[in-house]
Each structure stands twice: as structure tokens, then as C-alpha cells.
Amino acid sequence: MHIAIIMDGNGRWATQRGLPRTAGHVEGAKAVRATVETAARAGVDTLTLYAFSAANWRRPQVEIAALMKLFGQYLFSETRRCVEQSIRVNVIGRRDRLSDNLLRSIEQSERLSASCTGMHLRVAVDYSSQYSILKAAQRADRVNPQDGDIAPADFERLLHEVDHSAADAGPVDLLIRTGNERRLSDFMLWECAYAELIFSPRMWPDFGVDDLHAAVREFRGRDRRFGAVAPPLTRRQEAWLD
Ligand code: IPE
Ligand code: IPE
Ligand code: MG
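The following refers to the structure shown. (Residues numbered from 1 in each chain as written. Chains lettered and ligands numbered in written order. Predicted model: local features only at pLDDT ≥ 70, side-chain atom pairs only at ≥ 80, totals over all residues. Heavy atoms only, no water.)

1. Regarding the pattern of salt bridges
According to the stated counting rule, one finds 23 salt bridges in the structure shown. A salt bridge links Asp168 to Arg88, with the nearest nitrogen and oxygen atoms 2.8 Å apart. With Asp168 in the loop between helix H6 (152-163) and strand E5 (174-177) and Arg88 in strand E3 (residues 88-92), the pair connects residues that are 80 residues apart, well separated along the chain. With a relative accessible area of 49%, Asp168 lands in the partly exposed category. Exposure remark for Arg88: the relative accessible area of 17% places this residue in the buried category. One salt-bridge network, in which partners are shared between bridges, spans Asp8, Arg12, Arg177, Glu181 and Arg183. (Salt bridge = Lys/Arg side-chain N within 4 Å of Asp/Glu carboxyl O. Helix = DSSP H or I, 4+ residues; strand = E, 2+ residues; numbered from the N terminus. Buried < 20%, exposed > 50% of the residue type's maximum accessible area, 1.4 Å probe, protein only.)

Structure representation (C-alpha cells):
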């Protein structure tokens, strides 16, 4: 199962408490550990967390600097914990606009956890799904200029290349967005084609283990049809409806 989370609401969490927005990001970063470790224990195959969008460069410089510092600290402090739990870390998104220091931390985290066979943790930083799709389309054109036709699986391979993602990340099954907003904000538009969407009113720093369990329970109760028709009701379900 692949779960993706748009971790939204750090700024409002802080503002509601009379704190600077950056204090919300500090609390938000602390909240990541419980979600990662719970998902890993629950047997989730892939967890993709939206940490910084390409559009987030529009924020004030001090906020951007605080966020970049927090990613570096997160990778530094959490990689060892992840390796102990056999969690493979992978940062997806553009890399050409990140600082050399952060790039080094990313490469080190990925190298240290490369042989982990448990959950695959992907953190999206400087990520834009539209950008990735456009770049992958350009590459597809270059790889296959004559006949223009490309199989979805080959296109996905190019998307993973553009995103610096490991090749084995499949489509998203469950997308959760916290922070009481109901939009995708340019997150994994291709991969979420048949994702179940859950929007939580919780601000990200308050999103806890119980909220994750509740979301997965709701997901399990959903009827995923992928364009086909629903399977017939069992006799027990029919009896219950009468
Ligand atoms: C999510 O929280 C973190 C990032 C986007 C980096 P926000 O900072 O968007 O919090 P709100 O939406 O302003 O409350
Ligand atoms: C989306 O949140 C990006 C992340 C959570 C990292 P934003 O808060 O930046 O999204 P918009 O601007 O409200 O759509
Ligand atoms: Mg937000």
C-alpha cells in the first residue's frame, strides 16, 4: 500500500497560538516521526510526504531558510532511526535549486539506507508534479522521437528518473491532506489517478497516530472500483440492508 500525505497547517497551528510560523514548522517536523514509524510498523510499502513544493519558494526568505534547515536536521537525526527500522529514505523533487549542504545530507541518507528492505519513505522537496510530467514528456520525446507512442509503465520510469525516485514506487492508494484544505497543490497528479482522498481538519503538528489509523480504517471501508462495477453484495451484506 502506498500512502501519500500533504502535511499542511503548520503556519496556522502556530498563528493560532500566537507563535511565529516557523515554530509551527518545528512542531510539524517533530510530528513526522510518529507517522513514519507507525506506517512502517503497519506494513505500508511506500509513504510519500509532501514537505516543500516548488511553489513554496514564493514564501518569505526567513521561512524558506527555516524549512531548509529543518530538512537537513531531520535527515541528520532520523536517518539512523530509519535504518534501525529498515526504512529506506528517498528525497524526491528537483535537486538543482537546493544548497550543497542539503544535497550532501540527502545523498548520505539515501546511501546509508539504500539496502533497507522495509518501508520506502519518500520526502518531496522542491516538488512540482506538473514540472515532473513536463520533463518526463520531453525525455520521452528524446528517447522515442519517431513514433511518439509510449507505454504508461515506460513513462512512469521516466517520471521516477526526473523525480530522483526509486523505480519501485507504485501508484498512490491513499492520499491524506491535513490542514482543512481540499486541494492537491501540484502533488503527484499522475500517481494519484485512482487514489482515495481523505481531507483531515487537523493541522499537521496535531496529526497523530490515531488520526493515521482512522484514515486507514476509512480507506479500507471505501469501495475501489477503478472504473469497473462494484462486486455483488454478499448474502450477509444483503441481510444487513433488509
Ligand atoms: C505546511 O504548512 C508546510 C509547508 C508547506 C512547508 P503550511 O506552512 O502551509 O501551513 P499553513 O497552510 O500556512 O497553515
Ligand atoms: C502544499 O501546501 C505543500 C506542502 C504541504 C509542502 P501549501 O500550503 O503550500 O499549499 P497551498 O498554497 O495552500 O495550495
Ligand atoms: Mg499551507
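From this point, things continue past the structure.
2. Quick word on the sheet that holds strand E1 (residues 2-6)
Taken together, 6 strands build an open sheet; the order of strands is E3-E4-E2-E1-E5-E6 and the sheet is parallel. Looking at which strands have only one partner, the edges of the open sheet turn out to be E3 and strand E6 (196-199). Strand after strand, the sheet turns through a mean of 20° between neighbouring axes, direction not considered. (Pairing = 2+ DSSP bridges. Axes fitted to C-alpha atoms, helices over the stretch in contact; angles between N-to-C directions.)

3. What about empty space enclosed by the protein?
Any empty space left between the atoms is revealed when a probe the size of a water molecule rolls over them. For the coordinates displayed, the defined rule picks out 2 cavities of 30 Å³ or more. In terms of lining, the largest cavity is formed by Gly93, Arg94, Asp126, Tyr127, Ser128, Tyr131, Ser132, Val162 and Asp163. When contributions to the lining of the largest cavity are tallied by element, the ones reaching two or more residues are strand E4 (120-127), helix H5 (129-143) and H6. Looking at side-chain class alone, the lining of the largest cavity contains 3 nonpolar, 3 polar and 3 charged residues. Looking at the second largest cavity, its volume works out to about 30 Å³. (1 Å grid on protein atoms, 1.4 Å probe; cavity = no way out; pocket = protein on both sides within 12 Å on 5 of 7 lines; lining within 4 Å. Points joined across faces, edges and corners; volume = space filled by probe spheres on them. Nonpolar A, V, L, I, M, F, W, Y, C, P; charged D, E, K, R; others polar.)

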